[in-house]
Every structure is written in C-alpha cells, then in structure tokens.
Amino acid sequence: MTGTVARVDIDQLCINTVRALAMDAVQQADSGHPGTAMALAPLAYVLWQRHLRYNPANPEWLDRDRFVLSAGHACMLLYSVLYLTGYDLTLDDIKQFRQWGSRTPGHSEQGVTPGVEATTGPLGQGTGNAIGMAIAEAQLAALFNRPGHSIIDHYTYFLASDGDLMEGVSHEACSLAGHLKLGKLIGFYDDNRITIDGSTDLAFSDDTAKRFESYGWHVQRITDGNDLKAIDSAIAQAKRATDRPSLIIVRTHIAWGSPHKQDTAEAHGAPLGADEVKATKQNLGWPSLEPFYVPDEALEQWRSAKTRGTQLEADWTKKWDAYRAAHADLAAELERRLAGRLPAGWDAALPVFGPKDAQATRAASGKVLNAIAAKLPELIGGSADLTGSNNTEIKGGSPGRNFHFGVREHGMAAALNGIALHRGFIAFGGTFLIFSDYMRPSIRLAALTQLKPIYVFTHDSIGLGEDGPTHQPIEQLSALRAIPNMTVIRPSDATEVVEAWRAAITHRNGPVALVLTRQKVAVVDRTKYAAATGLHRGGYVLADSRDPDVVLMATGSEVELILGAYEKLKAEGKRPRAVSMPCLEYFARQSDDYRNSVLPAGVPRIAVEAAAPQSWYRWVGDQGVIMGIERFGASAPYQRIYREFGLTVDGIVAEARNRA
C-alpha cells in the first residue's frame, strides 16, 4: 500500500469516527441532531488537524484560536472532536450525551465542557459571539502588541447553519463585522439546504454569497463538503485575506453516508434509528457495529493534536517571556486584565452629587462612567446609535474605546457576550429600556453563562413622556428580573447612580442592567436621609419613623414620590417608613434578619413603580399593595401621564391612609 493511499485511508477513518460517534450518541440518548455532525466531519477534521491553533491540555491558553459552534444543535460534532483531540472529555462523557449532570449537554455550554468557547443553541447567537471575540482580539492586539512582539495573534472561527443565517441577529452582527473589517474572523456556512420543516426552499432563497459580499466579506465556495483539499485551500486563502472577514460556503449533505436519511429533514432533529445506524456504518465501511467503537489508528491520529498543541503553546510562551522582558509594564497590565483584577484606586475619583444637582440619572451615569473610564482602561463600549441619549461616550477615549454599534441591538448584545468570553475587557452597551426586548436572547445567554456585560438602559418608564407607548417600557423591568443570574439596578438619583456603577464594575457571575431616567429627578439630601451605599444591599431604609405603621418602597424616579409622601404622612402624625429598593436581586440575597429589619412583619407595605407589578408581589406580602401599571403608556408630557396613572405624592398618601 502506498503512502498516499494510507494517508487517504487514515483521513477517512478519522472522519468516519466522528460520524459514528455522532450517530451512536444521539441514538443512545434517543434525542439530538446527528445529520449535521455527520455532514461536517470532513470540515472539522481539516480545521482541527491542519489549521486551528489550540492546546487540549490547556483550553484557556490566551493566544489559542477560538472556534464557536453557532449551529449548537450539531454539538456532537464538537464533543466528538474535543474527545478525540485529547481535551478533558472521555468516551464515557460522550455516552452520557443529553443526560442529567453530564458534560455533554444537548447544546454546547461554555464552562460545562472543556474546549467549548461559547454557549450556543439559539441560532445566530454564536455568530454574534464570534464577532465579539474577533473585536476583542483586534482591540487587544492594537493595545498590547509591539514591533517584534505579537503576543495577541489568533483567529476566530465560527460554524453557522442555514438557521443561523436566517435569524436576524446574524444579519446585524455580520454587517457590523464587515464594517469593522475584522480580518482575523473566518466563518463557515454549512449549506446543507435542510431545515426541520424540510428543504430550505420552503422559506429561504437568499443569495448568501452576495449578501456577505455586500457586507464587505471575502467569500469562497466549496462545492463538495467531502473535498479535504478544497477545504484546506479555502481556509488558507481566508487566513490570507487580512483586510476583511471571510465566509466559506460549504455545500454538504446532511447525514452523509446514510442510505435512507441523507438529505432529509428526518436526519436534522431526531436519531437515525437503530437499523439506519447499522446500515450507515455498513455503507461507510465502518469496521465495527459495536456502539462507540473508536479505532486505535484514528484515535492516535486525532491525538497528535496534543503534541502539536503543547509545542504551539510552548513557542508562544517563549514569545511571552521575551515580551515581558521587553515591555514589563504592558505585560503586567495585560495579566491584570485577564485575571479580572481592578486597578488600585479605580473608584477614588467618582463624582459627588448634592441636593442642588437635580438631573436625569442617565446624565449622572455619563459623568460616573467617564470618571471610572479614566481609571479603568479595560472599560469599553458604546450604544446602538443612541450615544447622546444614553450618555455612553467616553470623553477623550483612545481609539477603540467608544463603539458605534449602529441600530443593531441584537448584534450589539451578542457581540458584548463575545467580548466578555474572550476576556481582557469590561464591556458595556446602551439603548432605551424598551429595546432590551431586542437584546433578550443574548441577555439570557449572558446570564446562563454568567458573563458580565453591563447594559445601560435609559428612558426607563412613562417618564420619557411624549414619545408615547411604543417607547415607554412597562413589562421590561419584571421580564428582566425574571431571568436567573440577571441583576437589574434602577437607581433613584445621582448618588445612587454612583453606587450602581460601583456595584456593576465589581459584580460577578452574570450581567448587570443599569436602568436610568430620561427626566430630571431630585438628588436626595444624604445629610438628612440615609447614605446611598445602601444600594449594595438592594433595599435600605431611606427615611424612618419609630414603630412604623406603613412602609413605602420604590425604585428609580418613584423614590422621589415616596419621599414626598413620607413627609406629608409624617406631618399628619403618621409613622411612615420610606425604603429605596434599587435592586431586588441584591435585596433577595440578604439575610432574613436584614430583610425583616427593612420590611418588618405585620406592617402594611406599598410598592410604587411605574411598571408592571409582577416582580413586587414577593415583597409587599398578602396585605400589601402595588401601585404599578398594567396597561400601555400614553403620549403626553410625563408629569401628566404620572397624574393620569395615579402615581403622585397625593395618590400614595391616600393609599397609605387606607393602609396605616
């Protein structure tokens, strides 16, 4: 047997090993998507064996190439490759696909499976994440690389399906990537022409190549997804196209090798069936019908990645050592950022606001943001074409600190997740609170993955006034608060804004939303009322009476109303307590003793928030009342809308009289 024939045979054996594992895992789980993994096995083999720079022994190596499986339903492709190349993933883990507590969940999750770079599954999200990673790579390279010392120099790859490219988030994110000319970004489009409903002809007739060319991408086509030489050549060409991102369109056949399921929708979201698995293995010339059989020769070939990866990282470590010797300060700064350590004194120069400084909390936020940015160089971000409204501009910021995401909330949120996944930055993104709905899938994934983007949501209520019900958020606060690991902070005034930003920067394990007013609000006199540092406990007694007979609590601009009601009730001889509740999540984490000290048992409670009431029922108790909004807003000056909805000092006083 000649060397050429032997090479072809081992390549095919390695590829078919992935196909067999995908079939077997899905069949054993009786759930999953085998067909795409089977179709893309040749692409995965060429990429992971010949191009991708990674070290299975150290999945967190800084300068590794990133690979994002945007088509998360094809996760058995990724799990198979991770196991075969020698990551800390075993064949037993593969056998536990989609089972309770396994490291091979039904869609790939970052932090669960070693080597998985992003949590994917909702289609299009991984594409946006990859673009965020490429943004972070480009930014870090510009900041830290020096002549002769390219210590940040890696590619970001993503794999997208038809569904990924149909979803709107991919349009936004890929348009942004083309505009930014992200030359280290390479995408693969699996053109298998099959969706769950059937042929893509049912609903999809885009010319994908022209679409991406119009975005400014370098585009190539591979007509046969089994052509290893063509795949190899296309990746090499994409890597040379450094002036723009690249898309490689790969024509594949779902469930390739299956005698009866190839090119059918049945292979998309269901097991092939025991008989078809057997027939497929026979059709592929697979040497065993035993489930989860892995030929020694294939495993040895795949595992050569371990030696190669060790050498790649060792070579980079030498470059890093030379860089650290030549640029010690830069190296120390990069290490600090990657470790997530904040610089000493980062919050030492935050602004101080007093009773004469009435202003919208969005305006105060812009001032605090700039004070922090001057001391925290890793803080970067921007808004979805609302920079002036959101007050998200870093004044005098160096190139790259201020991002113009365009009118692309979907893409912005997905990219923020990618920046967070890459590490090296604290990223924020701004828009109106109402448009958090556009961002919700990415926000949910950030919470699931415990990433920490910061969202600057302004125009937070009916207080934005004349723009009317299309722009006045009602249900958004409760909807965001319902997401596990999500933290929503709605500060009442400028002094709480200072603490809100301090909390957001130091927060861990999940995203933070800062929810801010358009309209001016008074600044609470902290010499008369409690300090704004109470924000860090979520809720705190702002103004009190001995043995209170009613508790008034609110967030945001409505705190001004309950303070007015507090003073009126006090003047009437009542015993009110006013409680600022800027963050229900922080309050929920406090001890029972603390919560009971703020909201004493048996005392009637009134919650006031210009929003849907759902998130307040836990805190008002059975005898309490919520003064909220259960209809859409209206177009009028905000003062009139508040009066029409009964959210006034007099309205709160009247309610309190009935309760106390």
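Residues numbered from 1 in each chain as written. Predicted model: local features only at pLDDT ≥ 70, side-chain atom pairs only at ≥ 80, totals over all residues. Heavy atoms only, no water.

1. A closer look at the sheet that holds strand 2 (residues 156-160)
Quick note on the threshold: The criterion for strand pairing is that DSSP finds at least two bridges linking the strands in question. Each helix is a run of H or I in the DSSP string that is no shorter than four residues. Each strand is a run of E no shorter than two, and both are numbered from the N terminus. Between N-to-C directions, angles cover 0 to 180 degrees, with each direction set by a line fitted to C-alpha atoms, over the stretch in contact for helices. Contacts are residue-level and defined by heavy atoms, with any inter-residue pair within 4.5 Å sufficient.
Strands sit in the order 1-2-3-7-6 across an open sheet of five strands; the sheet is parallel. What marks the edges here is a single partner per strand, and that holds for strand 1 (66-69) and strand 6 (218-222). Across this sheet, the average inter-strand angle for adjacent strands is 15°, counted without regard to direction. For strand 3 (residues 185-191) and strand 7 (residues 246-251), the ladder comprises six bridges, and the chain directions are parallel. Across the sheet, Asp-191 pairs through a bridge with Arg-251, a residue of strand 7. Sitting on the sheet, helix 9 (residues 228-240) is in contact with strand 2, strand 3, strand 6 and strand 7, with an inclination near 175° to strand 6.

2. Quick notes on the confidence of the model for the chain
To be explicit about the condition: Confidence of the predictor at the level of single residues is captured by pLDDT, which takes values from 0 to 100.
When pLDDT is averaged along the chain, the result is 97; 99% of the residues meet or exceed 70. Of the regions scoring below 50 in pLDDT, residues 1-5 engages in two contacts with residues more than four places distant in sequence or in other chains.

3. Remarks on the side chain of Arg-526
Quick note on the threshold: Nitrogen and oxygen atoms within 3.5 Å of one another constitute a polar contact, given that in protein one can donate a hydrogen and the other can accept it, and given that sequence-neighbouring residues count only through two side-chain atoms.
Looking at the element boundaries, Arg-526 is found in the loop between strand 15 (520-521) and strand 16 (540-543). A distance of 2.7 Å separates a polar side-chain atom of Arg-526 from the backbone oxygen of Ala-530. Once residues within four sequence positions are removed from consideration, Arg-526 is found in contact with Ser-492, Asp-493, Thr-495, Glu-496, Ala-531, Ala-532, Tyr-540 and Leu-542.

4. What about helix 7 (residues 168-180)?
This is how the line gets drawn: By definition here, a helix of n residues has an expected span of 1.5 Å times n minus one. Working definition: with a 1.4 Å probe on protein chains only, accessible area under 20% of the residue-type maximum means buried, over 50% means exposed, and in between means partly exposed.
In this model helix 7 runs 19 Å from its N-terminal to its C-terminal C-alpha over 13 residues, within 8% of the 18 Å that 1.5 Å per residue would give. If you check which residues of helix 7 are buried, you get Val-169, Ser-170, Glu-172, Ala-173, Cys-174, Leu-176, Ala-177 and Gly-178. Turning to helix 7, the residues buried within the fold contact helix 5 (125-144), helix 6 (162-166), strand 3, helix 8 (208-215), strand 10 (402-404) and helix 15 (409-422). Of the residues flanking the end of helix 7, it is Lys-181, one or two places downstream, whose phi is positive at about 55°.

5. Regarding the nonpolar core
Filter applied, for reference: Take the buried residues of types Ala, Val, Leu, Ile, Met, Phe, Trp, Tyr and Cys, join any two whose side-chain atoms come within 4.5 Å, and each joined set is a nonpolar core.
Residues Leu-185, Trp-217, Leu-334 and Tyr-455 are the most contacted members of the largest nonpolar core, which totals 66 residues. By size, the runner-up hydrophobic cluster in this structure holds 57 residues, among which are Leu-77, Val-81, Ile-248 and Trp-286.

6. Focus on the environment of Ile-249
Relative to the helices and strands, Ile-249 resides in strand 7. Distance in space between the C-alpha atoms of Ile-249 and Thr-208 is 8.4 Å, their sequence separation being 41 residues. Filtering out sequence-adjacent residues up to four positions away, Ile-249 remains in contact with Tyr-189, Asp-191, Thr-208, Ala-209, Val-219, Gln-220, Arg-221 and Ile-222.

7. Looking at empty space enclosed by the protein
Selection criterion: Here a cavity denotes a set of grid points, spaced 1 Å apart and computed over the protein atoms alone, in which a 1.4 Å probe fits but from which it cannot get out, and a pocket denotes an open set meeting protein on both sides within 12 Å along at least five of seven lines; residues with an atom within 4 Å of a point are reported as lining. Grid points are joined across faces, edges and corners, and a volume is the space filled by probe spheres set on the points. Residues are sorted three ways: Asp, Glu, Lys and Arg are charged, Ala, Val, Leu, Ile, Met, Phe, Trp, Tyr, Cys and Pro are nonpolar, and all the rest, Gly among them, are polar.
By the definition in use, this model includes four cavities of 30 Å³ or more. For the largest cavity, the calculated volume is near 70 Å³. Together, Trp-48, Leu-52, Tyr-54, Pro-59, Arg-64, Asp-65, Phe-67, Tyr-87, Gly-115 and Glu-117 line the largest cavity. Residues of the lining of the largest cavity, tallied by class, amount to six nonpolar, one polar and three charged.

8. What about the packing of aromatic side chains?
Basically, it comes down to this: The pairing test for Phe, Tyr and Trp rings, Trp by its six-membered ring, is centres within 6.5 Å, and the orientation test on the planes gives stacked under 30 degrees, edge-to-face over 60, and tilted for anything in between. Only when the NZ atom of a Lys or the CZ atom of an Arg is both within 6 Å of the ring centre and within 35 degrees of the ring normal do we say a charge sits over the ring.
Summed over the entire model, instances satisfying the criterion amount to 23 aromatic pairs. With 6.4 Å between their ring centres and 65° between their planes, Trp-61 and Trp-316 make a pair best called edge-to-face. Of the two residues, Trp-61 sits in the loop between helix 2 (34-51) and strand 1 while Trp-316 sits in helix 11 (residues 296-326), which places them 255 residues apart along the sequence. Trp-316 carries the same exposure label as Trp-61, and that label is buried. Here the aromatic cluster, defined as three or more aromatic residues joined through ring pairs, consists of Trp-48, Tyr-54, Phe-67 and Tyr-87. Its guanidinium or amino end placed over the ring of Tyr-155, Lys-184 lies 5.1 Å from that ring's centre, counting from NZ or CZ. In this structure, Arg-303 packs its charged tip against the face of Tyr-83, placed 5.3 Å from the ring centre.

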